[in-house]
Amino acid sequence: MNKILIQGNRVIGEAAIRAGCRFYAGYPITPQNELTEYMADNLRKAGGTFIQGESEIASVNMILGASAAGARVMTSSSSPGISLKQEGISSMAADELPGVIVNMMRGGPGLGNISPSQGDYFQATKGGGHGDYRVIVLAPASVQELADLTMDAFDLADEYRNPVMILADGMIGQMMEPVLFKTPKPRSYSEKFHLRGCGEGKSKFIRGLILDPLHEEEHNWKLHRKYKTIIAREPRHETFRTEDADFLVIAYGTAARVAKGAIKRARESGIRVGLLRPITLWPFPSDAVRSFAGKASKFLVFEMSTGQMLEDVQLALGNSEKIHFYGRPGGVVPAPVEVAKIIAQHA
Amino acid sequence: MLIKSLFAGFGGQGVLMMGYSLAHAAMNEGYHTTYLPAYGAEVRGGTANCTVAISDEEIASPVASAPDYLVIMNTPSLYTFQNRAAQGGTIFLNSSIIDARPTRKEVGILEIPAGEIAEKMGDPRVANVVVLGAFIRKTGLISPGGYLKSLRKIMGERKKAIMEINRKAFAAGFDLFPEGS
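Our subject in this report is the structure included herewith.

Cut-offs and rules
Note that residues are indexed from 1 along each chain, following the sequence as it is written. Chains and ligands are labelled sequentially in the order written, the chains with letters from A and the ligands with numbers from 1. A pLDDT threshold of at least 70 governs which residues receive local features in this predicted model, and a stricter bar of 80 or more applies before side-chain atom pairs are shown or counted, although totals over entire chains, interfaces and linings include all residues. Each helix corresponds to a stretch of at least 4 residues labelled H or I by DSSP, and each strand to a stretch of at least 2 residues labelled E; elements are numbered beginning at the N terminus. The atom set for the radius of gyration is the C-alpha atoms, and the globule formula is 2.2 Å times the number of residues raised to the power 0.38. Contacts here follow a simple rule: the backbone-placed C-beta atoms of the two residues must lie within 7 Å. Note on pairing: two strands pair once DSSP finds at least 2 bridges between them. Whenever a helix is involved, its axis is fitted only over the stretch in contact; in every case the axis is a line through C-alpha atoms, and angles between N-to-C directions fall within 0 to 180 degrees.

Across its full length, chain B carries six helices and six strands. Helices and strands in chain B line up, N terminus first, as β-α-β-β-β-α-β-β-α-α-α-α. At 15 Å, chain B has a C-alpha radius of gyration in line with the 16 Å of a compact globule built from 181 residues. Along the first, second and third principal axes, the C-alpha set of chain B runs to 40 × 40 × 40 Å. Of the contacts made within chain B by residues no fewer than 6 positions apart, 56% connect residues no fewer than 24 positions apart.

Turning our attention to unusual backbone geometry. Residues and elements named next belong to chain A. Between Thr-30 and Pro-31 the backbone carries a cis peptide bond, its omega angle lying at 5°. Tracing the backbone shows Pro-31 in the loop between strand E2 (23–26) and helix H2 (33–42). A cis amide bond links Gly-108 with the next residue in sequence, Pro-109, at an omega value of 0°. With respect to the helices and strands, Pro-109 occurs in the loop between strand E5 (99–105) and helix H5 (121–125).

Okay, the sheet that holds strand E11 (residues 273–278) of chain A next. Within a sheet, neighbouring strands are paired by backbone hydrogen bonds and run either parallel or antiparallel to one another. Residues and elements named next belong to chain A. Strand order in the open sheet formed by five strands is E9-E11-E10-E13-E14, with mixed pairing between adjacent strands. In this open sheet, the two strands that pair with only one neighbour each are strand E9 (237–240) and strand E14 (323–327). Sheet twist, expressed as the mean angle between neighbouring strand axes with direction ignored, is 20°. Bridge count for E9 against E11 is four bridges, and the pairing is antiparallel. Opposite His-237, over in E11, you have Pro-278 as the bridge partner. Sheet strands touched by helix H9 (residues 253–268): E9, strand E10 (247–250), E11 and strand E13 (298–303). Its angle to E11, the strand with the most contacts, is close to 170°. Strands in contact with helix H11 (residues 309–317) are E10, E13 and E14; relative to E13, the strand with the most contacts, it is inclined by about 155°.

Now the structure itself:
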């Protein structure tokens, strides 16, 4: 198999179709339009259904319905559109319906702009919509990883019967890089969860409205136990040049690749610095971060926001003067040389 | 090695195609590469630009704050981007339609009458490939054979008929700057 040069937004579409996604509903918004376009072009050819919904809210509710009927489903948007989808995501979590939601983040708050940003970390990792729930959040840092994690997202969604979010940004979405597709795993999702009419059998139902508080409490604890399992089993991270590092940079997605460039420069001037890159933002790789508590004497959290993942790092390490922060919100992607300067300042 | 090139011009000049085909060829020669088109609230006939990074190791940022090579296809792009060129970098100019010259002193400037060459060939649309011929000769980033192989692949069956004129355009640009010039 040969590598192909493909854009981030389009690779999600291709990986999703290869993974067996057969229902997509979306509504256009920059910088993720090429994904919607790719699905419009190619999903029907694969025997699936593409719908351009009348709104973001309609689209997320369409995937909720199709998921209940047993399809592998996906919707996508960018920051302001993802805010609109939160009601549906909360309902999918309540109903324990698998589905993949893609957020190609842009500058915010409000309509903001269309430049790459990481301002939606809180929204993605702390629930996003109303109620006591979580979604699994995957944060790719390259187009290749976008392809791999898109396939993984569908498997995780099925395994835990929970929405999974791919959280990237306009830069990863717009950029092209060489990609080699892995072979997707065959789907294992029990038909017993499908709602397709009862026929002669017993009726099944899925509902998010649970009026009896004691029943709703029970349902909340059931979800909670599932989230505990996910926290125990699914955190993922990557480390880079940490073998002798006394200084640890923690960054994800686009910020992490910029940080890698910065670390190479800083290493040239003798600073023993490495990177920890969370790949899952929820569950956050707290244990991995904590494992550096005794090894590194300085930490730098770098985000394209005013500091959101910072709080999870502080939770993992305990708030301390050793933890520094560098943030570039609003759609700014700093150059590696700028981040290298910050590293040098704190080294 | 990490080389970043920025291509800029107006929509319709094939500016994005230049970057895409270069990145494609770099991938086929085994390099790490990124291709980042400028996206924004653009208009038809407006400006277009893209950045290609080529490296033998993982690329940190696909953005070029100081590109090693600037390929400038029209006058407004010259004014917009000339100050971004890296010290000691090179600016490739489509001199057929750019009357102004860069004010930067510490960069190399290569004038390519791409528009005229393409007109003479009978198809002004291949001006971008003329420039790429010169670009690949002067930068040595990838082999000319590798580039043409990629171009053929990108054009595919649908555009097979226009491969020949593109090949000639590439050769014309490549021959503009013989070895050592």
